2 protein chains.
Amino acid sequence: MNWDHIYAQAKQWVQEAGNKIRLSFDEILTIQSKTNPNDLVTNIDKDIEQFFIRKIREVYPEHKIMGEEGFGDKLVSLDGIVWMIDPIDGTMNFIHQQRNFAISLGVYENGVGKIGLIYDVVHDELYHASCGNGAFINEKPIPALKETTVKESIIALNATWVMENHRIDHKLMIPLVKDARGTRSYGSAALEMVFVATGRVDAYLSMRLSPWDFAAGTIIVEELGGLVTNLRGEKLNFLTQNSLFVAKPGLHQTIMKDYLKDGKW
Amino acid sequence: MNWDHIYAQAKQWVQEAGNKIRLSFDEILTIQSKTNPNDLVTNIDKDIEQFFIRKIREVYPEHKIMGEEGFGDKLVSLDGIVWMIDPIDGTMNFIHQQRNFAISLGVYENGVGKIGLIYDVVHDELYHASCGNGAFINEKPIPALKETTVKESIIALNATWVMENHRIDHKLMIPLVKDARGTRSYGSAALEMVFVATGRVDAYLSMRLSPWDFAAGTIIVEELGGLVTNLRGEKLNFLTQNSLFVAKPGLHQTIMKDYLKDGKW
């Protein structure tokens, strides 16, 4: 398998898809709800996913594809090469803000992350990594992540998770928010993962995400020495929904132990 | 008073200050704490405030200046012309992210907002308004704000305010977060105010801010038909700290009535 070629090809397709999205800003969007009134999808999400699928099928007909909008394959295993695509991660931001969304594309071989690309279209920032070869913003290498403490950290998490909710005991989260230097919430898991990768935030927690949301980010963060697990500290399962806990080295272990009770909740 | 001249001059100074900040990215920052360990200030905040004060004193020696870092005047009234300056709004973002901060500069005459400028330095976006003449991003006019509903709105607020805190009964905030489409938190009041002005978020709530944090944003948001009050629905006091509630027309009244009990809390 020529991974350099797949990497170059994936980058080119992501840039082309970014151009299409930029051109769409002058069009009127068709917006629909999916699982609930706030789970939104637009015609652009669908068009971009179909664009990727056409390209991949053409060049790599033997590869499998998992996409947010459901135009890919229904997978029951991660055997072989699997592309995991979120055509627009942060669709609500795309609709309301025309910014703060990203294309997220991860390529896995037998469940192992090989190539991750997250493209912040509006700011023209492509975050990318191929396993073992470092991570970059556009052509600039991203330095390895350094350890930090809770009291000097900025944590990305949604306000919902410190209110009573049916995913996690919010009493676990409140002390963490109180002890941290600050919290932020940006509304795009892919971007929040690269914000950990670049040290703009120190950790990111979310309660329920799908493989295409974190497939690319996992490769980029791990390439820089960050840790990616679910909120119980377990390895992610790329065939189902997962909670997500991404953090700098050291900080991940501290939060796991001192706030998330080593997963015993 | 030649307001066109003051407006042009203020824009020029803000751009110059932005250049200085961009150049500082390669320097090592001196970081200090102010009122608490997370209330940070750097040498750049101080340098930029002093830069503005020098410029204003030189051209408008009779004007008064209120600045976050304390190099301006100690004001007991808003009589005359007062410049309200936050050299770096979002200092924590400036330190951790080298983005998502802004220069905020408001000019008031006898307590009435005349000119507001908020400069997102890294994205080179200058949001500005002069009272009665419209608001702009760089040279592009910003359209007037339209009404919206809670269930279709994105609300900017910090996770802290839905946890028990000593500023507001968090039980007032929780139903609002549950009913809204989503929440975000960006860590810069000035930017969060222009995000309301540009419709990227629909409302912004904060518990304790100083006049320099909201002086410019108030002028920009009001110019577009948005409403700016404290969390009890009262006019802001530009000589003290205030809570802040900024929202689109219609939405402000609805949240005030249905969630903030018309200020009776």
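Calculation rules
- Residues numbered from 1 in each chain as written.
- Chains lettered and ligands numbered in written order.
- Predicted model: local features only at pLDDT ≥ 70, side-chain atom pairs only at ≥ 80, totals over all residues.
- Heavy atoms only, no water.
- Contact = heavy atoms within 4.5 Å.
- Buried area = accessible area lost by both parts, 1.4 Å probe.
- Salt bridge = Lys/Arg side-chain N within 4 Å of Asp/Glu carboxyl O.
- Polar contact = N/O pair within 3.5 Å; in protein donor to acceptor, adjacent residues only side chain to side chain.
- Helix = DSSP H or I, 4+ residues; strand = E, 2+ residues; numbered from the N terminus.
- Nonpolar A, V, L, I, M, F, W, Y, C, P; charged D, E, K, R; others polar.
- Buried < 20%, exposed > 50% of the residue type's maximum accessible area, 1.4 Å probe, protein only.
- 1 Å grid on protein atoms, 1.4 Å probe; cavity = no way out; pocket = protein on both sides within 12 Å on 5 of 7 lines; lining within 4 Å.
- Points joined across faces, edges and corners; volume = space filled by probe spheres on them.
- pLDDT = per-residue confidence, 0-100.
- Pairing = 2+ DSSP bridges.
- Phe/Tyr/Trp six-rings, centres within 6.5 Å; stacked < 30°, edge-to-face > 60°.
- Lys NZ or Arg CZ within 6 Å of the ring centre and 35° of its normal.
- Axes fitted to C-alpha atoms, helices over the stretch in contact; angles between N-to-C directions.
- Least-squares fit on C-alpha atoms with pLDDT ≥ 70 in both.

### Considering the interface of chain B and chain A
In step 1: Facing the 35 residues of chain B at the interface are 35 residues of chain A.
In step 2: Both sides together, the interface formed by chain B and chain A hides about 3,000 Å², and carbon and sulfur atoms give 50% of it.
In step 3: If you sort the residues of chain B by the area they bury against chain A, His-96, Met-163 and Arg-181 of chain B come out on top, with a joint share of 22%.
In step 4: Where chain B touches chain A, the interface holds two salt bridges.
In step 5: Two residues, Glu-125 of chain B and Arg-99 of chain A, come together in a salt bridge whose shortest N-O distance is 2.9 Å.
In step 6: Taken together, the links from chain B to chain A amount to 14 residue pairs in polar contact (both at pLDDT 80 or more).
In step 7: Elements that contribute at least two residues to the side of chain B that touches chain A include exactly helix H3 (91–97), strand E7 (125–130), helix H4 (170–179) and strand E11 (182–184) of chain B.
In step 8: No other element matches the four residues that H3 of chain B contributes to the side of chain B that touches chain A.
In step 9: For the side of chain B that touches chain A, the per-class residue count stands at 13 nonpolar, twelve polar and ten charged.

### Comments concerning helix H5 (residues 189–197) of chain A
In step 1: In terms of residue burial, H5 of chain A counts as a mostly covered element, since nine of its nine residues are buried.
In step 2: All of the buried residues along H5 of chain A are Ala-189, Ala-190, Leu-191, Glu-192, Met-193, Val-194, Phe-195, Val-196 and Ala-197 of chain A.

### Quick word on empty space enclosed by the protein
In step 1: For the structure shown, the criterion picks out two cavities of 30 Å³ or more.
In step 2: In this structure, the largest cavity spans a volume of roughly 200 Å³.
In step 3: Around the largest cavity sit 14 residues that line it, and Asn-100 and His-123 of chain A together with Asn-100, His-123 and Tyr-186 of chain B are the ones nearest its centre.
In step 4: Broken down by secondary-structure element, the contributors of at least two residues to the lining of the largest cavity are H5 of chain A together with helix H5 (189–197) of chain B.
In step 5: Of the residues that constitute the lining of the largest cavity, the class distribution is six nonpolar, four polar and four charged.
In step 6: Of the pockets and cavities examined, the second largest cavity occupies roughly 40 Å³.
In step 7: Together, Leu-157, Asn-158, Ala-159, Thr-183, Arg-184 and Ser-185 of chain A together with Leu-157, Asn-158, Ala-159, Thr-183, Arg-184 and Ser-185 of chain B line the second largest cavity.
In step 8: Broken down by secondary-structure element, the contributors of at least two residues to the lining of the second largest cavity are strand E11 (182–184) of chain A together with E11 of chain B.
In step 9: Tallied by class, the residues present in the lining of the second largest cavity amount to four nonpolar, six polar and two charged.

### A short note on the confidence of the model for chain A
In step 1: On average, residues of chain A carry a pLDDT of 96, and 100% of them reach 70 or more.
In step 2: This prediction of the complex comes with two scores: 0.96 for pTM and 0.95 for ipTM.

### Observations concerning the side chain of Thr-218 of chain B
All names here are of chain B.
In step 1: Residue position: Thr-218 is located in helix H6 (residues 211–223).
In step 2: Relative accessible area serves as the criterion here: at 5%, Thr-218 is assigned to the buried category.
In step 3: When near neighbours in sequence (up to four residues on either side) are disregarded, Thr-218 contacts Tyr-108, Met-193, Val-228, Leu-236 and Phe-238.

### Here's the deal with the sheet that holds strand E8 (residues 135–137) of chain B
Paired through backbone hydrogen bonds, the strands of a sheet run either parallel or antiparallel to each other.
All names here are of chain B.
In step 1: The seven strands lie next to each other as E3-E4-E5-E6-E7-E8-E9, forming an open sheet whose pairing is mixed. Both outer strands of the open sheet, strand E3 (64–67) and strand E9 (140–141), are each paired with one neighbouring strand and no more.
In step 2: For strand E4 (residues 81–89) and strand E5 (residues 102–109), the ladder comprises seven bridges, and the chain directions are antiparallel. Note on E5: the bridge partner recorded for Ile-81 is Glu-109.

### Things to note about the environment of Asn-38 of chain A
In step 1: Among the secondary structure elements, Asn-38 of chain A is positioned in the loop between strand E1 (31–33) and strand E2 (40–42).
In step 2: Sequence separation between Asn-38 of chain A and Met-92 of chain A is 54 residues; the distance between their C-alpha atoms is 8.0 Å.
In step 3: When near neighbours in sequence (up to four residues on either side) are disregarded, Asn-38 of chain A contacts Met-92 of chain A together with Lys-151, Ala-180 and Arg-181 of chain B.

### Section: the environment of Met-84 of chain A
Residue and element names in this part refer to chain A.
In step 1: The residue Met-84 is located in strand E4 (residues 81–89) in this model.
In step 2: Separated by 132 residues in sequence, Met-84 and Ala-216 have C-alpha atoms that sit 7.9 Å apart.
In step 3: Other than its neighbours up to four places away in sequence, Met-84 contacts Met-66, Leu-78, Ser-104, Leu-105, Gly-106, Tyr-108, Pro-211, Trp-212, Ala-215 and Phe-238.

### Section: the environment of Met-163 of chain A
In step 1: Of note, Met-163 of chain A is situated in the loop between strand E10 (154–156) and helix H4 (170–179).
In step 2: With 101 residues separating them in the primary sequence, Met-163 of chain A and Glu-62 of chain A have C-alpha atoms 45 Å apart.
In step 3: In this structure, Met-163 of chain A is in contact with His-170 of chain A together with Val-162, Ile-174, Val-177 and Lys-178 of chain B, ignoring residues within four places of it in sequence.

### Considering the packing of aromatic side chains
In step 1: For the structure on display, the rule yields 21 aromatic pairs over all chains.
In step 2: In textbook terms, an aromatic cluster arises when at least three aromatic residues are bridged by ring pairs, as seen for Tyr-186 and Phe-195 of chain A together with Tyr-186 and Phe-195 of chain B.
In step 3: Cation over ring: Arg-232 of chain A sits above Trp-265 of chain A, and NZ or CZ is 3.8 Å from the ring centre.

### Digging into the pattern of salt bridges
Pairs can form between side chains of opposite charge whenever their charged atoms are close.
In step 1: Inspection of the entire model under this criterion finds 17 salt bridges over all chains.
In step 2: Of the charged contacts in the structure, one is a salt bridge between Lys-34 of chain B and Glu-69 of chain B, with a shortest N-O distance of 3.1 Å. One end of the pair, Lys-34 of chain B, is in the loop between strand E1 (31–33) and strand E2 (40–42); the other, Glu-69 of chain B, is in the loop between E3 and E4, with 35 residues separating them in the sequence.
In step 3: Here Lys-34 of chain B falls in the partly exposed class, since its relative accessible area comes to 31%.
In step 4: Relative accessible area serves as the criterion here: at 15%, Glu-69 of chain B is assigned to the buried category.
In step 5: Each member of the salt-bridge network shares a partner with another, and the members are Lys-34, Glu-68 and Glu-69 of chain A.

### A closer look at the sheet that holds strand E13 (residues 227–229) of chain A
Residue and element names in this part refer to chain A.
In step 1: Reading across the sheet, the five strands line up as E11-E10-E12-E14-E13 and stay open at both edges, with mixed pairing between neighbours. Each edge of the open sheet carries a strand with a single partner, namely E11 and E13. Along the sheet, successive strands turn relative to each other by an average axial angle of 15°, direction set aside.
In step 2: As judged from the three bridges shared by E13 and strand E14 (residues 242–247), these two strands associate in the antiparallel manner. Residue Leu-227 lies in a different strand from E14, and its bridge partner there is Ala-247.
In step 3: Along the sheet, H5 contacts E10, strand E12 (203–209), E13 and E14; its crossing angle with E12, the most-contacted strand, is approximately 155°.
In step 4: Relative to E13, helix H6 (residues 211–223) is tilted by about 155°, and along the sheet it contacts E12, E13 and E14.

### A few points about the relation of the copies chain B and chain A
In step 1: The transform that puts chain B on chain A rotates by 180° and translates by 0.0 Å along the axis, for an RMSD of 0.0 Å. What the rotation and shift describe, once combined, is the action of a two-fold rotation axis.
In step 2: In this assembly, 100% of the residues forming the interface of chain B have copies in chain A that are likewise at the interface, indicating an isologous arrangement.

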